[in-house]
Amino acid sequence: TKDIGKIEPDFVRSFQFENKLLPLTWVVVRIDGCHFHRFSDVHEFEKPNDEQALKLMNSCAVAVLEEFEDIHFAYGVSDEYSFVLKKESELYKRQSSKIISAIASLFTSTYVIKWRDFFPHKELKYPPSFDGRAVCYPTYKILLDYLAWRQVDCHINNQYNTCFWNLVNNNKSKKTKEESQARLKGTQTREKMEILRELKIEYNSLPLIFRMGSSVFRLKEAAAVENGVVSGKKLEGQVVVDHCNIIERCFWEEHPHILS
Ligand code: ATP
Ligand code: ATP
Ligand code: MG
Ligand code: MG
Ligand code: MG
Ligand code: MG
């Protein structure tokens, strides 16, 4: 303890490096589940898409938007979520490590707390974790290209996975995982659509949440919502989840308040 007076705080602090994100750019923090291939196996997720697991992800993203006002939009698919901060954000003085860790840890703890609501009959067998990264996008156009890229990825993966799991689970074709993989190797969209048609799967009538992923944002104005038998009212500023096409620019033209 007699050495305690010798510590020089400025010297110790000088080893920390600056990690400030470029000013006036859109910051995207993408988190992704660590080893969710295994996590989804252990927790017996439905394949190719476990809807409850996706809804749990969405509800965690809503919690993140409710906590961080500077996050104006989020897009999620599979075990990942991208969070977009407004370009003027000064959250944590734009220090990337603080922003990433705060978002990833809030998302993760919410995932654990809400697990029961979405899987009342399934025990959470071990603690999940999410990694995160931050990327700055300097123009609105590049930002929209980024989001379109994630939705294209959702589309391509979903089409592949829908084919793969239907080949594996089809009682007539009785293909193994290896045979199904071999069958799909090198196939283009058209051929995959043909395979699905042979299996009597109408791809375009699969739920939107699988085909489009999920977008999370605040409502600009109050809106009446019809959701099957339930109808209600959503308030201005309320965080909502939708499954829209964000590749087409008309979505962004119709919702200019979100990001531009
Ligand atoms: P890494 O740690 O490198 O991210 P990973 O195993 O999480 O590895 P990803 O590329 O992130 O690999 O893929 C996530 C995997 O999690 C998917 O391939 C899928 O098997 C599974 N998965 C995630 N969400 C769902 C879901 N809603 N329904 C079914 N499976 C899912
Ligand atoms: P920030 O978000 O900036 O970190 P903070 O409120 O977490 O704000 P810290 O400087 O990290 O501020 O201080 C943590 C505070 O949490 C302490 O000042 C104390 O009030 C409280 N705290 C943390 N651990 C304990 C503990 N074991 N017992 C009592 N109080 C605690
Ligand atoms: Mg990863
Ligand atoms: Mg992952
Ligand atoms: Mg992933
Ligand atoms: Mg603290």
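Since this is a predicted model, take the numbers as computed values, not measurements.

A.B. asks: What's the story with the overall build of the chain in this structure? I'm lost.
C.D. replies: When helices and strands are counted, the chain shows 10 helices and 8 strands. Overall size of the chain, expressed as C-alpha extent along the three principal axes, is 75 × 50 × 40 Å. Among the 260 residues that make up the chain, the fraction classed as buried is 41%. Partitioning the intrachain contacts of the chain with sequence separation of at least 6 by distance along the chain shows that 71% fall at a separation of at least 24.

A.B. asks: What exactly am I supposed to notice about a nonpolar patch on the surface here?
C.D. replies: Residues I4, I7, F11, V12 and F15 make up a contiguous nonpolar surface patch of about 590 Å² in total accessible area. For V12, the location among the structural elements is in helix α1 (residues 9–13).

A.B. asks: What am I meant to see in the sheet that holds strand β4 (residues 130–137) here?
C.D. replies: The strands making up a sheet are joined through hydrogen bonds of the backbone, oriented either antiparallel or parallel. In spatial order, the strands read β4-β1-β3-β2-β5-β8; together these 6 strands make up an open sheet with antiparallel pairing. Here the strands that pair on one side only, and so sit at the sheet edges, are β4 and β8 (239–242). Recorded for the sheet is a direction-independent mean angle of 20° between the axes of neighbouring strands. With 6 bridges joining them, strand β1 (residues 26–33) and strand β3 (residues 80–85) adopt antiparallel strand pairing.

A.B. asks: In this structure, what is going on with the site of ligand 1? I would like to understand it.
C.D. replies: Surveying the vicinity of ligand 1 reveals 17 residues, the closest of which are D32, H35, F36, H37 and D50. Here an oxygen atom of ligand 1 sits 2.8 Å away from a polar atom, N or O, in the main chain of H37. Applying the majority rule of atoms within 2 Å of the grid points places ligand 1 in the largest pocket. Elements supplying a minimum of two residues to the shell around ligand 1: β1, α2 (36–42) and α3 (51–67).

A.B. asks: Whenever I open this one, empty space enclosed by the protein confuses me. Can you help?
C.D. replies: Taking a probe equal in size to a water molecule and rolling it over the atoms shows the remaining empty space. Under the definition given, this model contains 1 cavity of 30 Å³ or more. L21, V27, L85, K86, S89, L91, R94 and I99 are the residues that line the largest cavity. Classifying every residue of the lining of the largest cavity by side-chain character gives 5 nonpolar, 1 polar and 2 charged.

A.B. asks: Mind showing me how you'd approach helix α7 (residues 189–198) here?
C.D. replies: Spacing of three or four residues puts side chains on the same side of an α-helix, whose turn is 3.6 residues. Buried within α7 are the following residues: K192, I195 and L196. Considered in projection along α7, the buried side chains sweep an arc of 100° and stay on one side of the axis. Of the exposed residues in α7, the ones pointing more than 90 degrees away from its buried face are R190, R197 and E198. On its buried side, α7 packs onto α5 (140–169) and α6 (177–184). Immediately downstream of α7, the backbone of K200 shows phi near 65°, a positive value.

A.B. asks: I would appreciate a short explanation of the packing of α5 against α7 in the present structure.
C.D. replies: What describes two packed helices is the angle between their axes and the distance between those same axes. It is at 10 Å that the axes of α5 and α7 come closest, and there the two elements cross at 35°. Read as a crossing pair, α5 and α7 show a hand that is left-handed. Mapping the contact onto sequence places Q159, Y160, T162, C163 and L167 in α5 and T189, K192, M193, I195 and L196 in α7.

So, how was this worked out
Residues numbered from 1 in each chain as written. Chains lettered and ligands numbered in written order. Predicted model: local features only at pLDDT ≥ 70, side-chain atom pairs only at ≥ 80, totals over all residues. Heavy atoms only, no water. Helix = DSSP H or I, 4+ residues; strand = E, 2+ residues; numbered from the N terminus. Buried < 20%, exposed > 50% of the residue type's maximum accessible area, 1.4 Å probe, protein only. Contact = heavy atoms within 4.5 Å. Patch = residues over 30% accessible without salt bridge, like charges linked within 9 Å, V, L, I, M, F, W, Y side chains within 5 Å. Areas by Shrake-Rupley, 256 points an atom, 1.4 Å probe, with all protein chains shown as cover. Salt bridge = Lys/Arg side-chain N within 4 Å of Asp/Glu carboxyl O. Pairing = 2+ DSSP bridges. Axes fitted to C-alpha atoms, helices over the stretch in contact; angles between N-to-C directions. Near = heavy atom within 4 Å. Polar contact = N/O pair within 3.5 Å; in protein donor to acceptor, adjacent residues only side chain to side chain. 1 Å grid on protein atoms, 1.4 Å probe; cavity = no way out; pocket = protein on both sides within 12 Å on 5 of 7 lines; lining within 4 Å. Sits in = over half its atoms within 2 Å of the grid points. Points joined across faces, edges and corners; volume = space filled by probe spheres on them. Nonpolar A, V, L, I, M, F, W, Y, C, P; charged D, E, K, R; others polar. Arc of directions from axis to C-beta. Left-handed = near helix turned anticlockwise from the far one by under 90°.

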